[in-house]
Amino acid sequence: MTANGVMTEPVVIAGLLRQQAALANFGTFAFSEPELGKILTEAARVCAECLRAPFAKICRYRREQKDLLIVAGCGWRAGVIGIVISKADESSTQGRAFVTGKPVILEDVSQNGSLTLPPFYAEHKIVSTADVLIKGKTGPWGVLEVDSADRHEFNEHDVVFLTGFANVVAEAVAMAERTAAMQGAIESMKHLIVEKDALLGERAGRERKVHELQMELSHLSRLNAMGQMTAAIAHELNQPLAAITNYIGVAKLSLEVKQIDSGAILRLKALIGKIQSQTLRAGSIIKNLKDVVEKRESCRFEVNIEDVVRDSLAMVLYDVTDSNIALNFEFDSAISKVMIDKVQIQQILINLIRNSVEAMHGTKERTLTLTTLPGDAGFANVMVRDTGPGVLPNIAQRLFLPFNTTKASGMGLGLMVCQTLAEANGGRIWHVEDKEKGTCFCLSLPLAQPHAGESHSAAG
Ligand SMILES: Nc1ncnc2c1ncn2[C@@H]1O[C@H](COP(=O)(O)OP(=O)(O)O)[C@@H](O)[C@H]1O
Ligand SMILES: [Mg+2]
């Protein structure tokens, strides 16, 4: 080591230690400061101070403009930072460091004729400059420059320090960019959340609307059901009322004779009896329809099925003026007792028989066949068959639905009521698709449980 070297060594070491401390402090500052502008300004200040130079600046490369803009610095007059640009080529000190990637140290810029320096260099009487590259993620980011108005000798330690400093600045820049990107992502996320909330609000509104519509719909269907029930009641009551009107007409005729003999009185008595039974029927229809609406259990007792069928037929034929119909009974003696609500089953049979009578109105051959026969285990079947034109194909699938009618004055409720009543009695009703002409409906009804000793007495 030279004498000179021995003398300067402590100074150099002290300077290096100072630079290391400054670098460490700057690192701490840079990683806790969110604002990139402040980080760069502090970087310029610390660099100038450590290298005992009055000026420093940081230039950022602008990809689109392909130039270097002074974005931070210290010591300069106003109008330099954020404004002055230089070409990103070898015509300027920073441009040269930028394109070569190597430190550019000039002890006297005036001695370098190939440089075109911006006027503020002259204004500040800049003599010496030191430039190092600041790296970026995808390429060079910019340049860190320290300037002196005196002739300044930047030694290799200074260059190492400056390069190390530029690397820390590069890290800080990368972090700031990451933070900015993250901030951007957070912002767009916030945006999305706001949008999502708006959409959810909209959806809640739509769901409310759907709920309202559903309420409306159930209200409408309740109204519709009520309407159907009202029509069914009118339809069913019309039958006994028509019969009563007929009887009263006949009774009036009987009273219009001059002398009422005992025979006429007997006939009147009979008519009044019939009127009474139709009135009772009307009453029981109302009661039964009420039962259908309220879904109450039917009042089921053991009854003889043959009696029920005969009674039902008799009730229809009372008010069927055109009774030019041949009757056919086929009762199976093996079955007799069924467990039913008699009035309800009569109601079904009356509806079926009346439909048959109506269907045979225009046909030549008019035969109504009423049959009882064993059905599925525990059931008896009752069949009502006619020789009419048969069920029209377009209505066959919808027979038991309300308001399906092919009749001018029909309501299309008879079969719906039949089905409701059959099911209320534990039975069912269906249309028998027959190869023969005419129509056949079958009603299945639960058999009454045989009593102890009954089969014995039947055998004996
Ligand atoms: N025995 C039958 N023969 C032919 N068609 C029938 C017969 N029974 C029912 N239908 C058809 O089913 C429709 C519905 O019958 P129903 O529910 O009793 O209502 P409505 O008698 O008021 O029309 C009738 O309009 C008719 O077209
Ligand atoms: Mg009918």
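Whatever comes next refers back to the structure up there.
Residues numbered from 1 in each chain as written. Chains lettered and ligands numbered in written order. Predicted model: local features only at pLDDT ≥ 70, side-chain atom pairs only at ≥ 80, totals over all residues. Heavy atoms only, no water.

Caption draft 1: Quick look at the sheet that holds strand 2 (residues 67-74). Spatially, the six strands line up as an open sheet ordered 3-2-1-6-5-4, and their pairing is antiparallel. Strands at the two margins of the open sheet, each flanked by one partner only, are strand 3 (85-87) and strand 4 (104-106). Taken over all neighbouring pairs, the strand axes of this sheet differ in orientation by 25° on average, direction set aside. Bridging between strand 1 (residues 55-62) and strand 6 (residues 140-148) involves six bridges; their strand directions are antiparallel. Among the inter-strand pairings, Phe-55 is bridged to a residue of strand 6, identified as Asp-147. Where helix 3 (residues 93-100) meets the sheet, its contacts fall on strand 1, strand 2, strand 3, strand 4, strand 5 (128-135) and strand 6, and the angle it forms with strand 6 comes to roughly 140°. (Pairing = 2+ DSSP bridges. Helix = DSSP H or I, 4+ residues; strand = E, 2+ residues; numbered from the N terminus. Axes fitted to C-alpha atoms, helices over the stretch in contact; angles between N-to-C directions. Contact = heavy atoms within 4.5 Å.)

Caption draft 2: Summary view of the side chain of His-431. Take His-431: it is sitting in strand 12 (residues 428-432). A relative accessible area of 17% places His-431 in the buried class. The residues touching His-431, leaving out its near neighbours within four places in the chain, are Val-391, Leu-399, Phe-400, Thr-439, Cys-440 and Phe-441. (Buried < 20%, exposed > 50% of the residue type's maximum accessible area, 1.4 Å probe, protein only.)

Caption draft 3: View of unusual backbone geometry. Unusually for a residue other than glycine, Arg-52 sits at a positive phi of about 55°. Among the residues examined, Arg-52 registers a relative accessible area of 62% and is labelled exposed. Phi is positive for Lys-66, which is not a glycine, with a value near 55°. With respect to the helices, strands and loops of the structure, Lys-66 is situated in the loop between strand 1 and strand 2.

Caption draft 4: Up close: a nonpolar patch on the surface. Residues Leu-255, Val-257, Ile-260 and Ile-265 make up a contiguous nonpolar surface patch of roughly 330 Å² in combined accessible area. Within the secondary structure, Ile-260 sits in the loop between helix 5 (156-255) and helix 6 (262-294). (Patch = residues over 30% accessible without salt bridge, like charges linked within 9 Å, V, L, I, M, F, W, Y side chains within 5 Å. Areas by Shrake-Rupley, 256 points an atom, 1.4 Å probe, with all protein chains shown as cover. Salt bridge = Lys/Arg side-chain N within 4 Å of Asp/Glu carboxyl O.)

Caption draft 5: Inspection of the site of ligand 1 at higher detail. Among the 20 residues in the neighbourhood of ligand 1, the closest are listed as Asn-355, Thr-405, Thr-406, Lys-407 and Gly-412. Contacts to ligand 1 include Gly-414, whose backbone N or O atom sits 3.3 Å from an oxygen atom. Leu-415 has a polar backbone atom sitting 2.8 Å from an oxygen atom of ligand 1. For ligand 1, the accessible surface in isolation is 520 Å², of which the surrounding protein chains cover 95%. Only helix 8 (342-359), helix 10 (414-424) and strand 13 (439-446) provide two or more residues apiece to the shell around ligand 1. At three residues, the largest contribution of residues to the shell around ligand 1 is made by helix 8. Classifying every residue of the shell around ligand 1 by side-chain character gives eight nonpolar, ten polar and two charged. (Near = heavy atom within 4 Å. Polar contact = N/O pair within 3.5 Å; in protein donor to acceptor, adjacent residues only side chain to side chain. Nonpolar A, V, L, I, M, F, W, Y, C, P; charged D, E, K, R; others polar.)

Caption draft 6: Expanded view of the pairing of strand 10 (residues 367-374). Burial analysis of strand 10 places six of its eight residues in the buried class, the great majority of the element. In terms of strand pairing, strand 8 (residues 326-331) meets strand 10 through six bridges, oriented parallel. Counted as the bridge partner of Phe-329 is Leu-370 from strand 10. Here six bridges tie strand 10 to strand 11 (residues 379-386), and the two strands are oriented antiparallel to one another.

Caption draft 7: Examining the packing of helix 8 against helix 10 more closely. Contact geometry for helix 8 and helix 10: axes closest at 9 Å, N-to-C directions at 150°. Taken together, the axis directions place helix 8 and helix 10 in an arrangement best described as roughly antiparallel. Taken as a pair, helix 8 and helix 10 cross one another with a handedness that is left-handed. Contacts between helix 8 and helix 10 involve Gln-344, Gln-347, Ile-348, Asn-351, Leu-352 and Asn-355 on the former and, on the latter, Gly-414, Leu-415, Val-417, Cys-418, Leu-421, Ala-422 and Ala-424. Classifying every residue of the contact of helix 8 with helix 10 by side-chain character gives eight nonpolar, five polar and no charged. (Parallel < 35°, antiparallel > 145°, perpendicular 65-115°, else oblique. Left-handed = near helix turned anticlockwise from the far one by under 90°.)

Caption draft 8: Representation of helix 8 within the structure. In this model helix 8 runs 25 Å from its N-terminal to its C-terminal C-alpha over 18 residues, within 8% of the 26 Å that 1.5 Å per residue would give. Across the 18 residues of helix 8, 13 count as buried, placing the element largely inside the fold. (Expected span 1.5 Å × (residues − 1).)

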